Amino acid sequence: MSIATIAFSRKDAKQPSSRTLKKVLAAMDRDGAVAFANLFPLPLLRRLRAEIARRHSSGELRARGLVRDIAGRYAAVVPFEGPFLEPAFYANPALRAMLAALLGEDYRISSLETVIAMPGAYRQHQHIDAPIRFDRSVAGRKVRFKGRLPELPPYAVTLCVPLCGMTEENGPTAIWPGSHRLALRARPPGEREIARKFPVERMTGAFGRSFFFDYRTFHGGMPNLTAEPRPVLMFVFTRSWFRDPNTADVFPRLAISERSLARVPARHRELFLLAPAARRALWEKR
Ligand SMILES: [Fe+2]
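The following refers to the structure shown. Owing to the predicted nature of the structure, the values given are computational and were not obtained by experimental measurement.

1. Some points on the overall build of the protein chain
Okay, so step 1: A tally of helices and strands in the protein chain yields 8 helices and 13 strands.
Okay, so step 2: Taking 286 residues into account, the globule formula puts the C-alpha radius of gyration at 19 Å, and the protein chain, at 19 Å, falls close to it.
Okay, so step 3: For the C-alpha atoms alone, the extent of the protein chain along its principal axes is close to 50 × 50 × 40 Å.
Okay, so step 4: Out of the 286 residues in the protein chain, the part that is buried amounts to 38%.
Okay, so step 5: Across the protein chain, the fraction of contacts at a sequence separation of at least 24, relative to all contacts at a separation of at least 6, is 84%.

Structural data, given as structure tokens:
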């Protein structure tokens, strides 16, 4: 096991020490991923799980799924309502401190999705979620940027929150720790090079465990060989200027109503600036 796991003390959970934050930064720098034993209290996770189970069983998540079938899994945007609207979830103090350390104080929530791997879901291809590139086209010829992009700090981080215990059988996320360093190379690496250079790690563990991964870290879902659907939350945070191309054609990519947004404490409201409800309508209102 090379990916570090952070277990928060009671004090750390309220306000992580600079020692804990340095550990997180070092792990993200080295592996592009870090796990948390107890970022969220179990009672809150159970309520999040119940809300997803309800929306899954009613079919509404499937009906509003993003137009992507990912090897037998479906992904859907989750609205910030009910337990998802609790600051203990979206503005958990340890989460806020770690994200500020990784993405800067003015980071934003980019999206909240659930990915449900149905029984029989098969292995998802190895991929990264989105690179940033500075290629240009000069007289029809592609000119790649050859500067040192791999040294950039993260611009987007996903917090994966499994809503069940993750085993080798029910479709854990496979991660190639350290692979984030190659993703922005002028010539991106292929699957074989990544597999050769970085030993794969499957993110198994008890219910309550969650993990961060850098948007550049190669990963992929493993098969769900069980008879139960496997729900996880993918909570994406970005620097204020980054826009996730994966949700570019989706409206809203961040689902929170004006009423719910009004219930967000003022000190956390900027987290939701990418939501339509947070925008000033200058012409017609949707
Ligand atoms: Fe992904």
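2. Concerning helix 3 (residues 42–57)
Okay, so step 1: Relative to the 22 Å expected for 16 residues at 1.5 Å per residue, helix 3 spans 22 Å between its end C-alpha atoms, a close match to the ideal helical length.
Okay, so step 2: Among the residues of helix 3, Leu45, Leu48, Ile52 and Arg55 are the ones counted as buried. All buried residues of helix 3 fall inside an arc of 90 degrees around its axis, so they share one side. Residues of helix 3 that are exposed and angled more than 90 degrees away from the buried face: Leu42, Pro43, Arg54 and Ser57.
Okay, so step 3: The secondary structure elements touched by the buried residues of helix 3 are helix 4 (60–63), helix 5 (87–90), strand 5 (108–117) and strand 13 (230–238).
Okay, so step 4: Glycine 59 lies just past helix 3 and shows a positive phi near 90 degrees.

3. Section: the environment of serine 2
Okay, so step 1: With respect to the helices and strands, serine 2 occurs in the segment before strand 1 (5–6).
Okay, so step 2: Residue class for serine 2 comes out partly exposed when judged on the 13 C-beta atoms lying within 10 Å of it.
Okay, so step 3: Separated by 197 residues in the primary sequence, serine 2 and proline 199 have C-alpha atoms spaced 9.2 Å apart.
Okay, so step 4: Beyond its immediate stretch of four places on either side in the chain, serine 2 contacts Asp31, Pro177 and Glu201.

4. Quick notes on the pairing of strand 8 (residues 156–162)
Okay, so step 1: Judged by how many residues are buried, strand 8 sits mostly within the fold: 7 of 7 residues are covered.
Okay, so step 2: Neither face of strand 8 is open: one carries Ala156, Thr158, Cys160 and Pro162, the other Val157, Leu159 and Val161, and all of them are buried.
Okay, so step 3: Pairing between strand 8 and strand 13: 7 bridges, direction antiparallel. Looking at strand 13, one finds that cysteine 160 is bridged to methionine 234.

5. Some thoughts on the sheet that holds strand 10 (residues 201–202)
Okay, so step 1: Within the open sheet, the 3 strands sit side by side as 10-9-12. Their pairing is antiparallel. Strand pairing shows two members of the sheet lacking a second neighbour, strand 10 and strand 12 (219–221), which therefore form its edges.
Okay, so step 2: By the bridge criterion, 2 bridges tie strand 9 (residues 173–175) to strand 10 in an arrangement that is antiparallel. When the bridges of strand 10 are listed, isoleucine 175 appears paired with glutamate 201.

6. As for the nonpolar core
Within soluble globular proteins, side chains that are nonpolar tend to cluster in buried spots.
Okay, so step 1: Val34, Leu99, Val157, Phe211, Phe212 and Phe237 are the most contacted members of the largest nonpolar core, which has 66 residues in total.
Okay, so step 2: Apart from residues lying up to four places away in sequence, valine 34 is in contact with Ile3, Ala4, Ile6, Val24, Ala27, Met28, Phe211 and Phe212.

7. Quick word on unusual backbone geometry
Okay, so step 1: For the bond running from phenylalanine 251 to proline 252, omega is -10 degrees, close enough to zero to count as cis.
Okay, so step 2: Within the secondary structure, proline 252 sits in the loop between strand 13 and helix 8 (258–262).
Okay, so step 3: With a phi angle near 50 degrees, alanine 71 is a residue other than glycine that sits in the positive phi range.
Okay, so step 4: You can see alanine 71 is positioned in the loop between strand 3 (65–70) and strand 4 (73–77).
Okay, so step 5: Residue alanine 139 is not a glycine yet carries a positive backbone phi of 50 degrees.
Okay, so step 6: Among the secondary structure elements, alanine 139 is positioned in the loop between strand 6 (136–138) and strand 7 (141–143).
Okay, so step 7: The exposed category is assigned to alanine 139, around which 5 C-beta atoms lie within 10 Å.

Cut-off values and rules
Residues numbered from 1 in each chain as written. Predicted model: local features only at pLDDT ≥ 70, side-chain atom pairs only at ≥ 80, totals over all residues. Helix = DSSP H or I, 4+ residues; strand = E, 2+ residues; numbered from the N terminus. Rg over C-alpha atoms; globule rule 2.2 N^0.38 Å. Buried ≥ 20, exposed ≤ 12 C-beta atoms within 10 Å, placed from the backbone. Contact = placed C-beta atoms within 7 Å. Expected span 1.5 Å × (residues − 1). Arc of directions from axis to C-beta. Pairing = 2+ DSSP bridges. Core = buried A, V, L, I, M, F, W, Y, C linked by C-beta atoms within 7 Å.

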